[in-house]
Protein chains: 2
Amino acid sequence: MTSSGLQAKAAQLIAARDAQVTPDYRFPPSSPFPLDVSDLYRSSGFLSARQIDIVSHYATSLSEAIAKRTYTAVEVTEAFCRSAALAQETTNCLAWFAPKEALEAAKGLDEAMQKTGRPVGPLHGVPISVKDFINVKGYPQSAGHIASAGLVPDQDAHIVAILRRAGAVFIAKTTQPQSIMHLETTSFYGVTRCPYNTNLTAGGSSGGEGALIGARGSILGLTTDVGGSTRGPAANNGLWGFKPSSKRLPRGGIVGVTSVSRIAGCIGPAAHSLRDLELLVRIVLSAEPWKRDVTLVPMPWRDVDARGVGAGCEGWSGEGGRLRVGIMWEDGVVRPVRPTRRALEGMVDNLRDHSWVELVDFTPEFVAEIWKITVQLYYIDGGKKLREALGEEQMYPLTEWIVSQCHELSNDEVTTLVNRRNALRQRYLDLFQSLRLDVILCPASPGPALPFHTTRYWSYTSLFNFLDWPALVFPTGKRVTLNDRDDHLAPRNEDEKHLYRTYSPETCIGAPIGLQLAAPRWHDERIVAAAKIIKEVLPVEAD
Amino acid sequence: MTSSGLQAKAAQLIAARDAQVTPDYRFPPSSPFPLDVSDLYRSSGFLSARQIDIVSHYATSLSEAIAKRTYTAVEVTEAFCRSAALAQETTNCLAWFAPKEALEAAKGLDEAMQKTGRPVGPLHGVPISVKDFINVKGYPQSAGHIASAGLVPDQDAHIVAILRRAGAVFIAKTTQPQSIMHLETTSFYGVTRCPYNTNLTAGGSSGGEGALIGARGSILGLTTDVGGSTRGPAANNGLWGFKPSSKRLPRGGIVGVTSVSRIAGCIGPAAHSLRDLELLVRIVLSAEPWKRDVTLVPMPWRDVDARGVGAGCEGWSGEGGRLRVGIMWEDGVVRPVRPTRRALEGMVDNLRDHSWVELVDFTPEFVAEIWKITVQLYYIDGGKKLREALGEEQMYPLTEWIVSQCHELSNDEVTTLVNRRNALRQRYLDLFQSLRLDVILCPASPGPALPFHTTRYWSYTSLFNFLDWPALVFPTGKRVTLNDRDDHLAPRNEDEKHLYRTYSPETCIGAPIGLQLAAPRWHDERIVAAAKIIKEVLPVEAD
């Protein structure tokens, strides 16, 4: 298709999406939106008091309330559709909006409960939003670029089918960037904004999920992560996000991936609480997806208790059975800016007083080399398939940025890099064990949400994709203030220079700061158990 | 190194190995050896009656006898060293012989038991033989070609270390072919012979193990399998052999692999009984090797009982809870020759009468295509690394045969083949499930052991490497007789023509016939549980 043909198609796609926001769902603002729209669901008057109550829930408590008939599935869906439409208007987070289908599904659920007296499943009536390239039956989708758009799948992705059977209601598909390989979200749909500061990016590549859930337009979302795409948007939008080990949650039914990658992508949830993340993962694994999907390992969710007992481990490794946390202050390449450092320092101070926790410094190794290998293993074809997929579509700066770091590899080069990757994976396991760690606590990124088209440094998250370690991002309650002016250390490299030039407290004001927990491959359950302890010291409400 | 330099080195290596067989261990035959030397340990007079008793044990019963002090570790080791030396003389199965080190280790074990009153582990004093390229500390080794030979590792391979801690005694390293990619065993050490008919190959690539254990020179051996290298030698030598799912047993410490492969290799045991296979796997997994080796999945041995309950399954799938066995009579490309067909027919007849078993035909799909993909994925570099490793060493016909089927692939080609492989893996799982099978029963090979340098058709075993399904070979008790003349169907292709030209009852007389069980990935425990039922109808003694 020619460039102008693609542009015309993009315009049609945008118009079709916008037409889904029928007049009922359109909010006429009396004045320009504020910079911080995260509270608009509450303050705008667009939602009723009861609707505000509904969208303020956690998925866990909402499902309980629906099961107790405090709310019907229909009114829950309607509340979230209104809130999602508002979020769309302020952050441009939706690729598709499906109030009609969602309300119909909710009606069916209400009728089923009426008839049987019980919920159809643990997510009965809980609205779920889905990153655009994950198939939802009957909902048009794209893979972030124009040529891929317009496909209407006739089957749910495997994970979507499991959630649907559990009673979930699918309200929307959410935006993702061109190539699905930015830590921002810019595509032919435009940019997706952070609801806490709409001049900043929602992050990416699951930025639509980040903004939508952050603005309370959804309660639980399906994201993917091959370099930080679940965790970046979680951090940028004050959310919890979980990237599990690969080969645990089913990825069947994701369409249009354009990277030819030897780094494993993962599917995972983003939500407002740890319990909600665990709820989703438990539901998916209890469906035993490995019985259908040959790529998965048959590993049910293995409970780990507060003492670290479970999943083959006999307790936390610290003295007296305390949780032993390795603090990774920085990665040795790009030092985080002040608000991020301050958030980690604050957490560590709080944890020092926690009688169940033992702290030790953790210094990562080979970080610069790992990034170089990672980025090259994302595109072992040098981006050929991506370029073919884009066709005449203009390449956005961050697409260009990532793909220009790769060249088409020979098989010898792939073999060498994969062998080195495997050796470094072993090295990190040895290092972790030599320090007798249970979990690593570190920044989710060297900075907060940044202005559009500037987010480059992925290593704080992509390190754990390279290692295939599970990792979880949580909100600290900390947001950037005008006091967060950074000191002026001389930048050690171009990456630091770029970040220090990009970040300023004035620019990034209001942006939430997230932190990250990670542990070796397969220790998903231990991370969640550790997070339950760590969240006790969070200064924010945490479910 | 020049060709003559390599030849000189090979001569030295052979001389060094032969010198390990000190005069005490040399058997002076009064007459030429018979064709069938499998019983020579018993009939030769080289072993005492007590030694014959010892080497006639299973590993399981032997370890019990040692624990009960029926035998000392030293006398057990001495018995097996004598029997191994005899096997070496008749079959050329050893790459290294270590009676001195083994007896020293056994002495240490006896002293430890004397002191503590109990065995040091579940393999206390049980002799174990090891395929040559798996590191055993202090034992010289090769990777099947001359340039790789002479390395003396200063550390055990991971699995060897686990077995050593369990009390195992390492008596010998065993031969493997050049490139370790023949289903025979020909290297600079010469050919390794089948003890049941020394004009035939022991199979490969773990042919040294096959011949040594087959001749009762070892009781339990460590083999590897990327196309049938555990199972071929098991079948050819009347043994049980198990190729587990990859990523379960640790492969750390295997040195000198020359294929650049996208088909996963596996390490597994060969032995005289099913219980012995399970013993070894249980011991290795109970050491939790995944805590040290990042490539492994943390999956302990999960008991499956006689009703098929366990490892996440709720019982066998047949009517009334019967084991449902899919019979794969042939693969649609190469029809097995008469003795193999007859062995399978005999098993099926016996199983028909078994009240716990339900039978259904299974027709495999895409077999010819799968072999083409498999062989190319063995050598994505077209054999470049192999050729470099061989240097001036002459390439044996079966090395040439396998490697000449490959060319160096571009990354696009690898991606295409790997994607197709993954799709076919999914297809086979779907097919297996659509038939509600528990296990597949099929030939281990289209024929018995064949004359040297003629074994070509791998698909009956390599299919399950391609799929990464666990598979187990067992002896049927059937051996080739002069009645086993094949009918004269017109060969459908070159592979059939080659086999039909190669096989004759006169040539292959006495060769044992094995059959194979397979089940989808991760179902290792179900195969073993199914084999426990199936072995009830075996006409041979089965432990």
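Source: prediction; values computed, not measured. (Residues numbered from 1 in each chain as written. Chains lettered and ligands numbered in written order. Predicted model: local features only at pLDDT ≥ 70, side-chain atom pairs only at ≥ 80, totals over all residues. Heavy atoms only, no water.)

Trainee: Would you take a moment to explain the interface of chain A and chain B for this structure?
Mentor: Accessible area lost upon the coming together of the parts is a frequently used measure of interface size. Contact with chain A, which involves 32 residues of that partner, is made by 32 residues of chain B. Both sides together, the interface formed by chain A and chain B hides about 2,300 Å², and carbon and sulfur atoms give 45% of it. A per-residue breakdown of the area chain A buries against chain B is headed by Lys291, Val294 and Asn411 of chain A, which together make up 27% of the total. Seen at the junction of chain A and chain B, the total is two salt bridges. When the shortest N-O distance is used, the salt bridge between Lys384 of chain B and Asp412 of chain A registers 2.5 Å. Counting across the chain A and chain B interface gives 14 residue pairs in polar contact (both at pLDDT 80 or more). (Contact = heavy atoms within 4.5 Å. Buried area = accessible area lost by both parts, 1.4 Å probe. Salt bridge = Lys/Arg side-chain N within 4 Å of Asp/Glu carboxyl O. Polar contact = N/O pair within 3.5 Å; in protein donor to acceptor, adjacent residues only side chain to side chain.)

Trainee: Would you mind going over the UniProt feature "domain: Amidase" (unreviewed entry) in chain A with me for this structure?
Mentor: Mapped onto the present numbering, the UniProt feature "domain: Amidase" (unreviewed entry) falls on residues 75-527 of chain A. Structurally, residues 75-527 of chain A is divided into 36% helix and 17% strand, and its ends, taken at the C-alpha atoms, are 35 Å apart. (UniProt positions renumbered as here; feature names shortened; annotations may be inferred. Helix = DSSP H or I, 4+ residues; strand = E, 2+ residues; numbered from the N terminus.)

Trainee: Is there a simple way to think about unusual backbone geometry in this case?
Mentor: Leave glycine aside and you will find that most residues have negative phi; peptide bonds, for their part, are mostly trans. All names here are of chain A. In this chain, Gly204 is followed by Ser205 through a cis amide linkage whose omega measures 0°. Structurally, Ser205 can be placed in the loop between strand S7 (197-201) and helix H8 (207-214). Positive phi, normally seen in glycine, also occurs at Trp522, with a value near 80°. Position of Trp522 relative to the elements: it lies in the loop between strand S17 (512-518) and helix H19 (524-534).

Trainee: It is not clear to me how the relation of the copies chain A and chain B should be interpreted in this structure. Could you clarify?
Mentor: Put simply, the second copy of the chain is the first one after a rotation about an axis and a shift along it. The two copies are related by a screw motion: chain A maps onto chain B through a turn of 180° and a shift of 0.0 Å along the axis, at an RMSD of 0.0 Å. This pairing of chains is accounted for by a two-fold axis. Of every C-alpha in chain A, the one belonging to Asn411 of chain A sits nearest the axis of rotation, 2.9 Å from it. In this assembly the copies share their binding face: 100% of the residues contributing to the interface of chain A also contribute to that of chain B. (Least-squares fit on C-alpha atoms with pLDDT ≥ 70 in both.)

Trainee: Please explain the sheet that holds strand S10 (residues 266-271) of chain B as it appears in this structure.
Mentor: In a beta sheet, neighbouring strands are held together by backbone hydrogen bonds and run either parallel or antiparallel to one another. Residue and element names in this part refer to chain B. Strand order in the open sheet formed by 11 strands is S1-S3-S2-S8-S10-S9-S16-S17-S15-S13-S14, and the pairing between neighbours is mixed. Of all the strands in the sheet, just strand S1 (94-97) and strand S14 (357-361) have a single pairing partner and so form its edges. Strand-to-strand twist of the sheet, defined as the mean angle between neighbouring strand axes without regard to direction, takes the value 25°. As paired elements, strand S8 (residues 220-225) and S10 share six bridges and run antiparallel to each other. Along S10, the bridge assignment pairs Leu220 with Ala271. (Pairing = 2+ DSSP bridges. Axes fitted to C-alpha atoms, helices over the stretch in contact; angles between N-to-C directions.)

Trainee: Is there a simple way to explain the packing of aromatic side chains in this structure?
Mentor: Describing an aromatic ring pair means giving the distance of the ring centres and the angle of the ring planes. Per the stated rule, a full pass over the model turns up 28 aromatic pairs over all chains. With a centroid separation of 5.7 Å and an interplanar angle of 50°, the aromatic rings of Tyr378 of chain A and Trp458 of chain A are classed as tilted. In this pair, Tyr378 of chain A sits in helix H12 (residues 367-378) while Trp458 of chain A sits in the loop between strand S15 (439-443) and helix H16 (459-467), placing the two residues 80 residues apart along the sequence. According to the relative accessible area criterion, Trp458 of chain A is buried, its value standing at 3%. Pairwise contacts between aromatic rings join Phe362, Tyr428, Phe432, Phe464 and Trp469 of chain A into one cluster. The positively charged end of Arg82 of chain A is found above the aromatic ring belonging to Phe46 of chain A, 4.0 Å away from the centroid. When the ring centre of Phe366 of chain B is taken as reference, the NZ or CZ atom of Arg420 of chain B above it lies at 5.1 Å. (Phe/Tyr/Trp six-rings, centres within 6.5 Å; stacked < 30°, edge-to-face > 60°. Buried < 20%, exposed > 50% of the residue type's maximum accessible area, 1.4 Å probe, protein only. Lys NZ or Arg CZ within 6 Å of the ring centre and 35° of its normal.)

Trainee: Which parts of the structure should I look at to understand the packing of helix H12 (residues 367-378) of chain B against helix H16 (residues 459-467) of chain B?
Mentor: Describing two packed helices takes the angle between their axes plus the distance from one axis to the other. Residue and element names in this part refer to chain B. Contact pair H12 / H16: the axes reach a minimum separation of 10 Å and the direction vectors enclose 70°. By the angle between their directions, the pair H12 and H16 is classed as roughly perpendicular. The element H12 and its partner H16 pack so that their crossing is left-handed. Contact residues: Val367, Ile370, Trp371, Ile373, Thr374 and Tyr378 in H12; Ser459, Ser462, Leu463 and Phe466 in H16. (Parallel < 35°, antiparallel > 145°, perpendicular 65-115°, else oblique. Left-handed = near helix turned anticlockwise from the far one by under 90°.)

Trainee: Explain the UniProt feature "binding site: substrate" (unreviewed entry) in chain A here, please?
Mentor: All names here are of chain A. According to UniProt, the "binding site: substrate" (unreviewed entry) feature falls on Ile180, Ser205, Val226, Gly227, Gly228 and Ser229. A maximum C-alpha distance of 11.1 Å places the annotated residues, which cover 50 residues in sequence, within one compact spot. Its place among the elements puts Val226 in the loop between strand S8 (220-225) and helix H9 (231-236). When near neighbours in sequence (up to four residues on either side) are disregarded, Val226 contacts Met181, Ile263, Ala264, Gly265, Tyr378 and Asn465. When you line up the elements, Ser229 lands in the loop between S8 and H9. Dropping the residues within four chain positions of it, Ser229 is found in contact with Lys131, Ile180, His182, Leu183, Gly204, Ser205, Ser206 and Thr224. Of note is the side chain of Ser229, whose polar atom sits 2.7 Å from the side chain of Ser205.

Trainee: What should I look at first to understand the sheet that holds strand S10 (residues 266-271) of chain A in this one?
Mentor: Residue and element names in this part refer to chain A. Spatially, the 11 strands line up as an open sheet ordered S1-S3-S2-S8-S10-S9-S16-S17-S15-S13-S14, and their pairing is mixed. Every other strand in the sheet has two partners, leaving strand S1 (94-97) and strand S14 (357-361) as the edge strands with one partner each. On average, each strand axis in the sheet is tilted by 25° relative to the strand beside it, whichever way the strands run. Bridge count for strand S2 (residues 127-131) against strand S3 (residues 169-174) is five bridges, and the pairing is parallel. Within S3, the position partnered with Ile128 by the bridge is Phe170. Across the sheet, helix H6 (residues 99-116) lies against S1 and S3, angled at about 160° from S3, the strand it touches most.

Trainee: Could you clarify how one ought to interpret helix H7 (residues 158-165) of chain A in this entry?
Mentor: Spacing of three or four residues puts side chains on the same side of an α-helix, whose turn is 3.6 residues. Residues and elements named next belong to chain A. Counting buried positions along H7 gives six out of eight residues, so the element sits mostly inside the fold. All buried positions along H7 are accounted for by His158, Ile159, Val160, Ala161, Ile162 and Leu163. Residues of H7 that are buried sit in contact with S2, S3, S8, S10 and helix H10 (274-286). At the exit of H7 stands Gly167, carrying a positive phi of roughly 105°.

Trainee: Would you take a moment to explain the pairing of strand S7 (residues 197-201) of chain B for this structure?
Mentor: Each regular strand carries side chains that alternate between the two faces of the sheet. Residues and elements named next belong to chain B. Among the five residues in S7, four count as buried, and that is most of the element. Relative to S7, strand S6 (residues 193-194) is paired through two bridges, and the arrangement is antiparallel. Opposite Cys194, over in S7, you have Asn197 as the bridge partner. Hairpin connection between S6 and S7: a loop of two residues separates the two successive antiparallel strands.

Trainee: Help me understand the nonpolar core, please; the structure alone is not making it clear to me.
Mentor: Across soluble globular proteins, nonpolar side chains show a tendency to be buried alongside one another. Within the largest apolar cluster, 106 residues are counted, with the highest numbers of intra-cluster contacts made by Leu123, Leu163, Leu441, Leu472 and Phe474 of chain B. Among the elements that take part in this core, helix H5 (residues 73-91) of chain B stands out by supplying nine residues, more than any other. Among all residues touching Leu123 of chain B, those that are not within four sequence positions of it are Ile128, Leu163, Ala166, Gly167, Ala168, Leu220, Leu279 and Ile283 of chain B. By size, the runner-up hydrophobic cluster in this structure holds 105 residues, among which are Ile66, Phe97, Ile180 and Leu517 of chain A. (Core = buried A, V, L, I, M, F, W, Y, C linked by side-chain atoms within 4.5 Å.)

Trainee: Before we go on, may I ask you to explain the pattern of salt bridges in this structure?
Mentor: Oppositely charged side chains can pair when the atoms bearing their charge come close. Residues and elements named next belong to chain A. With the rule as written, the count across this model stands at 70 salt bridges over all chains. Notably, a salt bridge pairs Arg492 with Glu330, separated by 2.9 Å at the nearest N-O pair. With Arg492 in the loop between strand S16 (471-479) and helix H17 (494-502) and Glu330 in the loop between strand S13 (323-327) and helix H11 (338-352), this residue pair connects regions lying 162 residues apart in the sequence. Of the residues examined, Arg492 reaches a relative accessible area of 47% and is grouped as partly exposed. With relative accessibility at 25%, the residue Glu330 sits in the partly exposed group.

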